[in-house]
Amino acid sequence: EVQLEESGGGLVQPGGSLRLSCAASGFTFSNYAMSWVRQAPGKGLEWVAAINTGGGVTTYGNSVKGRFTISRDNAKNTVVLQMNSLKPEDTAVYYCNTWPGVRFTWGQGTQVTVSS
């Protein structure tokens, strides 16, 4: 059974940092490019960042470029999103999945709230 389990969210003040992690199981993780997407309250899904199978190529949405960093560890089947200089508009539920197409059922996501 394929599972994507996001963790690491929480409440942080503007300007703070969080490190999100996605643990993948049930498929050959190293064969898939991965991405992070987010959904803010009352809004649709927004693509945040993606990383290729080997981890050497990354790409970011304009709203997070220069502040977020995506990485992966194929030995541990995890993909990480390091988020710095957080802004209130980064408040959302964050999910991971394959990229560019969504191949697997979404996990439960992890809530990130940026507020003073």
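Here, the structure is the one placed above.
Everything numeric here is computed off the predicted structure, so don't read it as measured data. (Residues numbered from 1 in each chain as written. Predicted model: local features only at pLDDT ≥ 70, side-chain atom pairs only at ≥ 80, totals over all residues. Heavy atoms only, no water.)

### Details of the environment of serine 25
Consideration 1: In this structure, serine 25 sits in strand 3 (residues 18-25).
Consideration 2: Sequence separation of serine 25 and glutamine 3 is 22 residues, and the distance between their C-alpha atoms is 5.2 Å.
Consideration 3: Once residues within four sequence positions are removed from consideration, serine 25 is found in contact with Glu1, Val2 and Gln3. (Helix = DSSP H or I, 4+ residues; strand = E, 2+ residues; numbered from the N terminus. Contact = heavy atoms within 4.5 Å.)

### Things to note about the pairing of strand 10 (residues 110-114)
Consideration 1: Only one face of strand 10 is buried: it carries Thr110, Val112 and Val114, and the other face, with Gln111 and Thr113, is open.
Consideration 2: Of the pairings in the sheet, the one linking strand 2 (residues 10-12) to strand 10 comprises three bridges and is parallel in character. Note on strand 10: the bridge partner recorded for glycine 10 is valine 112.
Consideration 3: Looking at chain direction, strand 9 (residues 92-98) and strand 10 are connected through three bridges and run antiparallel. Bridge pairing in strand 10 places tyrosine 94 opposite threonine 110. (Buried < 20%, exposed > 50% of the residue type's maximum accessible area, 1.4 Å probe, protein only. Pairing = 2+ DSSP bridges.)

### Points about the packing of aromatic side chains
Consideration 1: For the structure shown, the criterion picks out six aromatic pairs.
Consideration 2: When the centroid spacing of 6.3 Å and the interplanar angle of 55° are considered together, the rings of phenylalanine 27 and phenylalanine 29 count as tilted. There is no split in this pair, since phenylalanine 27 and phenylalanine 29 are both buried.
Consideration 3: Centroid distance tyrosine 32 to phenylalanine 104: 5.5 Å. Interplanar angle 65°. Geometry classified as edge-to-face. One end of the pair, tyrosine 32, is in the loop between strand 3 and strand 4 (34-39); the other, phenylalanine 104, is in the loop between strand 9 and strand 10, with 72 residues separating them in the sequence.
Consideration 4: Residue tyrosine 32 is classed as partly exposed on the basis of its relative accessible area of 23%.
Consideration 5: These aromatic residues form a ring-pair network of at least three members: Phe27, Phe29, Tyr32 and Phe104.
Consideration 6: The cationic tip of arginine 72 hangs over the ring face of phenylalanine 29; the distance from NZ or CZ to the ring centre is 4.3 Å. (Phe/Tyr/Trp six-rings, centres within 6.5 Å; stacked < 30°, edge-to-face > 60°. Lys NZ or Arg CZ within 6 Å of the ring centre and 35° of its normal.)

### Some points on a nonpolar patch on the surface
Consideration 1: Where nonpolar side chains cluster on the molecular surface, the patch consists of Leu45, Val102 and Trp106 and spans about 270 Å² of accessible area.
Consideration 2: Within the fold, leucine 45 resides in strand 5 (residues 45-51). (Patch = residues over 30% accessible without salt bridge, like charges linked within 9 Å, V, L, I, M, F, W, Y side chains within 5 Å. Areas by Shrake-Rupley, 256 points an atom, 1.4 Å probe, with all protein chains shown as cover. Salt bridge = Lys/Arg side-chain N within 4 Å of Asp/Glu carboxyl O.)

### Focus on unusual backbone geometry
One can expect most non-glycine residues to show negative phi and most peptide bonds to be in trans.
Consideration 1: Note the cis peptide between tryptophan 99 and proline 100, where omega equals 10°.
Consideration 2: Positive phi is not limited to glycine here, since asparagine 77 has a value of about 55°.
Consideration 3: Mapped onto the secondary structure, asparagine 77 falls in the loop between strand 7 (68-73) and strand 8 (78-83).
Consideration 4: Phi angles above zero are rare outside glycine, and serine 85 is one such case at about 50°.
Consideration 5: Tracing the backbone through its elements, the reader meets serine 85 in the loop between strand 8 and strand 9.
Consideration 6: Note on serine 85: relative accessible area 41%, which makes it partly exposed.

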